[in-house]
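Chain residues, written in single-letter form:
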Amino acid sequence: MSEKTVSLFIQCLVDTMFPETGEAMITVFDRLGVAYDYPPGQTCCGQPAFNSGYSRDAAAAAKHFIDIFEDTEIIVCPSGSCVRMVRHHYPELFADDQAMHSRALAIGAKTFEFTQYLVDELGINDVGAHFPDTVTYHDSCHLSRSLGIADQPRTLLNNVRGLELIEMRDSDTCCGFGGTFSVNYPEISVAMVDEKIDNILATKASTVTGCDISCLMNILGRIKRRGEDVQVLHIAQILAADKGEKR
Amino acid sequence: MHNQTTFLSAIRTALGETPNIERSKSTFPKLFAAPDTAETLKKIRSRTVTERNELVKILLHNGNTLNISSHIVESLPEAADLVVELIRSTEPEFNYTKHVIMHDHPDIAALELWKRFNREAVTLHTTFSRDRQITDKTIASFIGITAPTIGVADSATVIQLTEPGRPRSTSLLPSLHIALLRRENIVADLAEAYALLRQKSHLDSFVFISGPSKTADIEAHMVYGAHGPRELHLIVLAEPELEK
Amino acid sequence: MSAKPQSQYCRDAQKGMGSPRLQASLHSLQNRFGKGAMTLWAEMDDQDMRRRVKQSRMKNLDHLDILLAELAKKVRARGGHVHFAENAQDAIDYTLEVARKNEVKRVVKGKSMLSMEIAIDSALQEAGMEVVETDLGEYIIQLADDKPSHIIAPCIHMDRSRIGELFTEKLGINYTDDPPSLTAAARKALREKLLSADMGLTGCNLACAATGHISLVSNEGNIRMATTMPPVHVALMGMERIVATLDEHRETVQLLTRGAALQKLSTYVSFVGGPSTSDDPDGPKEFHLVIIDNGRSKILADPEFREVLACIRCGACLNICPVYGRIGGHAYNSPYCGPIGAVITPLLDGINKHADLCKGETLCGACKDICPVQIDLPRMLAGLRQKLAYGSDRWNTKQHNPLEAYAFTLWRQVVSWSPLYRTGLKIARLCQRPFVGKNSMIKRMAGLASGWTDGRDLPPIAKKTFTEIWQKKHATAEVKLPMATKEDNNA
Ligand code: SF4
């Protein structure tokens, strides 16, 4: 097992709305004997501002993030889009500032998405979870397209005892979240998530999961509104389950 | 020319170059550098009959998926039989009489089609260079016969060069296009074909044809014969090699 | 039930989403061509080809002045005329002049988006000419007085019965909704036009500087007709649509036809340029190449956006974009729709004017993945949003939404100082209480946020945030100890 201490980078949405996802990550790390800490003072990686074009404001958030996380060994986050923000966009934000640029690159190099860290860095394919249920997996865009993370979560899910993974159609098509897009263009956004949900329902799986809470929040919000009977869980929650309990 | 000067200066400004100083292509030798094709040309020339037959097979197979009707013949008379049959069995689309337009090409002349229609109302035209009525004759024709310069196996393409006596419209206006192609003129892929094209000292207009005219604009329903020929018949002339 | 005033973009988008025909077409289009292209790229033997072509596209942009000068020289050597047009009006004026000199009465067109960009049709019509689109899809659009909704398949929003009625009305044929019969009717009608036209007006897919040819791709053969039969051929070329050599052409054209329709080559790839010679009895007597800037040099000048000029207009990005796939092409209100349209339209025609195009995507990245030349459209969309966020002198852009900008300034304070952030969360948690519904979700919010709750529930802020949970359990712990118990935190 890696000697490195993992610093948890808890995406703002997980912190505020889905803390159980963060707790689930901890459960998994505990089970695996991975040491971790939670650097205080973290807020938001800056993605909402960046995607809306407010790059200077995003840079302020990035600076705050870098200050907080600079002294860590490894940073692990339960959200692909935040990892992408740190890895790909932080250096861009400081293109004109050599010192900040190098700091951004250094931070990016040690920031990992949760499943990616487990599989690629720790070499773990089986976290010893037990989740007797049918599950379908949504590929979040930034995760799969930008970070190339698609096999890692599937490997982990396939090794969960009792879990049957059923692939949905077009699992890598965008769920329609897109940050402020979902608020600015709700009709289009909802049409997109509706198609996603139709594809989820078609699998007859009782749980949909993914590695990015933003997408899952979007899917959950629409599922609740439509009154569909599908449970939405972050992958950490499935990997944390070990008593075979159905959540 | 005045327009050109200001236009290109604007581009140089955009590129951060001095607007008024023309950049010469000789300063950028790599810009127009093209890979050496000697190897490719050698490969094309040194193909064995077996290899060429393999290319024929690929061409026909790929052509099939593009709705090209293809035929292999061993001799020109055999090719002529096929053409005659096509002329007899096809009804004109835009006219009532059967006119056929043919490129001025030795292989097409050697079909001696004129000998075959002494009792039927079929008019044969050849696109001789100085004939001023060629366009009218082509418009009147329901079948056009050409002998393309190059065939490309990989993309099922025939390459038709515009040359004296070989106008563009012969493969375009008639309802049926018959392309007579010698096995020797078939190459493996577009890289080889472009290498051959680059050999030509002068290239007039030319066209790559990979199948009959088609459209899928109405509800994605594939229909052949949009504006160009609705059928493309490819006749590959593969004469048996004489024992050496 | 949103009370927000709706933009034209949103209204057109909703119209598109409300059309079952369009939805069905978009669905099958994306299913077939979007997925097909991704498979094609994955299975292509030459995995380096896309990168290579992209590189050559960028290299050619860097040397555009040299290439265009060479092209002009070669075309002129073939007996063609070349005109450099700085803007739309210039291109129109030149074409009108050519038409006037040749007493042109009927113009047949090959599909050209550039001709729409410069709005040349109306200018020709006002000058008394008949202008006929000859691509079947474009012809149908023209008969219906409609607008194209896809770069390659212009009339996917129309169904066969609508086209049948249209043909009955305009061509006087007996009603049929059979695509082959409808195509045959158009074939006949257009053949007459094509054979009697005085001028052919086309675009240019790729010009080859070394040989002085322009090349055009088509499946129908209409472009061959329009460039062969009329006595005058005018080709409109966007100044960036150029390759240096035939070898570059070979690779670029293959990516174009693969991206567009999964074809190794389109049915016809015609290389023209120059009038017919005395030995060559058909072909136009005059050939004019009009090379058009119309805002492109401004894009070229900005390193942030230069890459978009590498586009070869294959339309593949439309075939995968989840937003285009819902709303269709009309909402973009531009000859260029889909992801490429969302980037190029604001750049050519005004960022403020087309703010909705800059903002109306999720930045999912699918367009970049499918693009044969790997153009980073999402990066440029974010760049456009940046111009809207802060304004830009270079792009003559005003700050789009001062209120939003102010909100992000506040946000910046909040996220940069965690005590403020934490306090803010607590306040928000108190405020949300009355809104939390039976299923523990927020059903309705006011103002901007209603955009979310009009169609979706929102999870409330948790009773205890992760940070609070952590503090409670680990505040005293020096070393990070594995956590033993787990508390039910669900609201
Ligand atoms: S951006 Fe790429 S995919 Fe879209 S039209 Fe241009 S070349 Fe094709």
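Source: prediction; values computed, not measured.

Enquirer: Residues and numbers for the overall build of chain B, please.
Expert: Each helix and strand counted, chain B has seven helices and twelve strands in total. Across its three principal directions, the C-alpha atoms of chain B cover 75 × 50 × 45 Å. Considering only intrachain contacts with a sequence separation of at least 6, the fraction spanning at least 24 residues in chain B is 76%. Here chain B has roughly 11400 Å² of accessible surface; of this, 52% comes from carbon and sulfur atoms. Averaged over its 27 positive side-chain charges, chain B has a centre that lies 5 Å from the centre of its 30 negative ones.

Enquirer: Can you lay out the overall build of chain C for me, pointing to particular residues and giving the numbers?
Expert: Along the backbone of chain C there are 22 helices and ten strands. Along the first, second and third principal axes, the C-alpha atoms of chain C reach 95 × 55 × 45 Å. Split into buried and exposed, the 491 residues of chain C put 62% on the buried side. Split by element, the accessible area of chain C, about 18500 Å² in all, is 53% carbon and sulfur. Each charge sign in chain C was given a centre, from 64 positive and 55 negative side chains, and these centres are 8 Å apart.

Enquirer: Explain the nonpolar core to me, using residue names and the numbers behind them.
Expert: Counting residues in each nonpolar core, the largest one holds 150 residues, and the members touching the most others are I188 of chain A, F208 of chain B together with L68, I291 and V308 of chain C. Non-local contacts of F208 of chain B, meaning those with residues more than four positions away in its chain, are made with T157, V158, I159, L190, Y194 and L197 of chain B together with L265, T267, Y268, V269 and F271 of chain C.

Enquirer: For the site of the ligand, give the residues involved together with the corresponding values.
Expert: Taken together, C311, I312, R313, C314, G315, A316, C317, I340, C371, P372, V373 and L377 of chain C form the complete shell of residues around the ligand. A breakdown of the residues in the shell around the ligand according to their chemical character gives ten nonpolar, one polar and one charged.

Enquirer: I'd like a description of the interface of chain C and chain A, backed by residues and values.
Expert: Each side of the interface is counted separately: chain C has 78 residues, and chain A has 68 residues. When the two sides are added together, the surface that chain C and chain A hide from each other amounts to roughly 6200 Å², 59% of it contributed by carbon and sulfur. Looking only at chain C, the three residues that lose the most surface to chain A are Y390, R456 and F466 of chain C, adding up to 13% of its buried area. At the boundary of chain C with chain A, the tally comes to six salt bridges. Where D170 of chain A meets K35 of chain C, a salt bridge forms, and the shortest distance between an N and an O atom there is 2.7 Å.

Enquirer: Any chance you could break down the interface of chain C and chain B for me, citing the residues and the numbers?
Expert: If you look at the interface, chain C gives 91 residues, while chain B gives 69 residues. With both sides pooled, the region where chain C packs onto chain B buries about 6700 Å², and carbon together with sulfur makes up 60% of that total. Our enumeration of links across chain C and chain B arrives at eight salt bridges. Ionic pairing is found between D65 of chain C and R23 of chain B, a salt bridge with its closest N-O pair at 2.8 Å. For the pair chain C and chain B, the number of links is 33 residue pairs in polar contact (both at pLDDT 80 or more). Split into classes, the residues belonging to the side of chain C that touches chain B amount to 42 nonpolar, 24 polar and 25 charged.

Enquirer: Help me get a handle on the packing of helix α8 (residues 136–144) of chain C against helix α9 (residues 160–171) of chain C, residues and values and all.
Expert: Residue and element names in this part refer to chain C. Contact geometry for α8 and α9: axes closest at 10 Å, N-to-C directions at 65°. Judged by the inter-axis angle, α8 sits roughly perpendicular to α9. Read as a crossing pair, α8 and α9 show a hand that is left-handed. Residues L136, Y139, I140, L143 and A144 of α8 form the contact with α9, whose own contacting residues are R162, I163, L166, F167, K170 and L171. For the contact of α8 with α9, the class distribution of residues is nine nonpolar, no polar and two charged.

Enquirer: How would you summarise the sheet that holds strand β2 (residues 106–109) of chain C if you had to cite specific residues and measurements?
Expert: All names here are of chain C. The strand order across the open sheet formed by six strands is β1-β10-β7-β4-β2-β3, and the pairing between neighbours is parallel. If you trace the sheet from one side to the other, it starts and ends with β1 (81–85) and β3 (130–133), each paired once. Shown here is a sheet whose adjacent strand axes are inclined to one another by a mean of 20°, direction ignored. Sheet topology note: the β1/strand β10 (residues 286–292) ladder contains five bridges and is parallel.

Enquirer: I'd like to hear about helix α12 (residues 213–226) of chain A, residue by residue, with values.
Expert: Residue and element names in this part refer to chain A. Between its terminal C-alpha atoms α12 stretches 19 Å, which fits the 20 Å expected from 14 residues at 1.5 Å a residue. Counting buried positions along α12 gives eleven out of 14 residues, so the element sits mostly inside the fold. Along α12, the positions that sit buried rather than exposed are I213, S214, C215, L216, M217, N218, I219, L220, G221, R222 and I223. Phi turns positive, to about 75°, at G227, one or two residues after α12.

Enquirer: Talk me through the domain arrangement of chain C; I want residue IDs and the actual numbers.
Expert: Under the domain assignment used here, chain C contains domain 1 (44–294) and domain 2 (402–490). Domain 1 of chain C and domain 2 of chain C are separated by 56 Å when their C-alpha centres are compared.

Enquirer: Please give an account of the environment of L388 of chain C that cites residues and values.
Expert: Residues and elements named next belong to chain C. Mapping L388 onto the fold places it in helix α18 (residues 377–390). Along the backbone, L388 and A405 are 17 residues apart, and their C-alpha atoms lie at a distance of 9.5 Å. The residues contacting L388, other than those within four sequence positions of it, are I351, N352, A355, C358, K359, T397, K398, Q399 and H400.

Enquirer: Which residues make up the pairing of strand β9 (residues 206–209) of chain B, and what values do they have?
Expert: All names here are of chain B. Both faces of β9 are covered, namely the face carrying F206 and F208 and the face carrying V207 and I209. The sheet contact formed by strand β6 (residues 157–161) and β9 spans four bridges and is antiparallel. Each bridged residue has a counterpart across the sheet, and for V158 the counterpart in β9 is I209.

Enquirer: Describe the packing of aromatic side chains, listing the residues and the values that go with them.
Expert: Ring pairs (aromatic) are described by centroid distance and by the angle formed between their planes. This model, assessed by the stated rule, comprises 26 aromatic pairs over all chains. When the centroid spacing of 5.5 Å and the interplanar angle of 55° are considered together, the rings of Y38 of chain A and W470 of chain C count as tilted. On the criterion of chain membership, the pair formed by Y38 of chain A in the loop between β2 (36–37) and α3 (47–51) and W470 of chain C in helix α22 (residues 466–474) is interchain, its members lying in two chains. Taking the relative accessible area as the measure of exposure, Y38 of chain A reaches 7% and is therefore buried. Judged by relative accessible area, which is 12%, W470 of chain C ranks as buried. Between Y185 of chain A and Y9 of chain C, the ring centres sit 5.5 Å apart and the planes meet at 85°, which makes this aromatic pair edge-to-face. Highlighted residues: Y185 of chain A in the loop between α10 (181–184) and α11 (186–202) and Y9 of chain C in helix α1 (residues 8–17), drawn from two different chains. Considered together, Y185 of chain A and Y9 of chain C belong to a single accessibility category, that of buried residues. An aromatic cluster is built from F29, Y36, Y38 and F114 of chain A together with F466 and W470 of chain C, whose rings are joined through pairwise contacts. Its guanidinium or amino end placed over the ring of F32 of chain B, K25 of chain B lies 5.3 Å from that ring's centre, counting from NZ or CZ. The side chain of R224 of chain C reaches across the aromatic face of Y268 of chain C, ending 5.0 Å from its centre.

What counts as what
Residues numbered from 1 in each chain as written. Chains lettered and ligands numbered in written order. Predicted model: local features only at pLDDT ≥ 70, side-chain atom pairs only at ≥ 80, totals over all residues. Heavy atoms only, no water. Helix = DSSP H or I, 4+ residues; strand = E, 2+ residues; numbered from the N terminus. Contact = heavy atoms within 4.5 Å. Areas by Shrake-Rupley, 256 points an atom, 1.4 Å probe, with all protein chains shown as cover. Lys, Arg positive; Asp, Glu negative; His and termini not counted. Charge placed at Lys NZ, Arg CZ, Asp CG, Glu CD. Buried < 20%, exposed > 50% of the residue type's maximum accessible area, 1.4 Å probe, protein only. Core = buried A, V, L, I, M, F, W, Y, C linked by side-chain atoms within 4.5 Å. Near = heavy atom within 4 Å. Nonpolar A, V, L, I, M, F, W, Y, C, P; charged D, E, K, R; others polar. Buried area = accessible area lost by both parts, 1.4 Å probe. Salt bridge = Lys/Arg side-chain N within 4 Å of Asp/Glu carboxyl O. Polar contact = N/O pair within 3.5 Å; in protein donor to acceptor, adjacent residues only side chain to side chain. Axes fitted to C-alpha atoms, helices over the stretch in contact; angles between N-to-C directions. Parallel < 35°, antiparallel > 145°, perpendicular 65-115°, else oblique. Left-handed = near helix turned anticlockwise from the far one by under 90°. Pairing = 2+ DSSP bridges. Expected span 1.5 Å × (residues − 1). Domains from an automatic or database assignment. Phe/Tyr/Trp six-rings, centres within 6.5 Å; stacked < 30°, edge-to-face > 60°. Lys NZ or Arg CZ within 6 Å of the ring centre and 35° of its normal.

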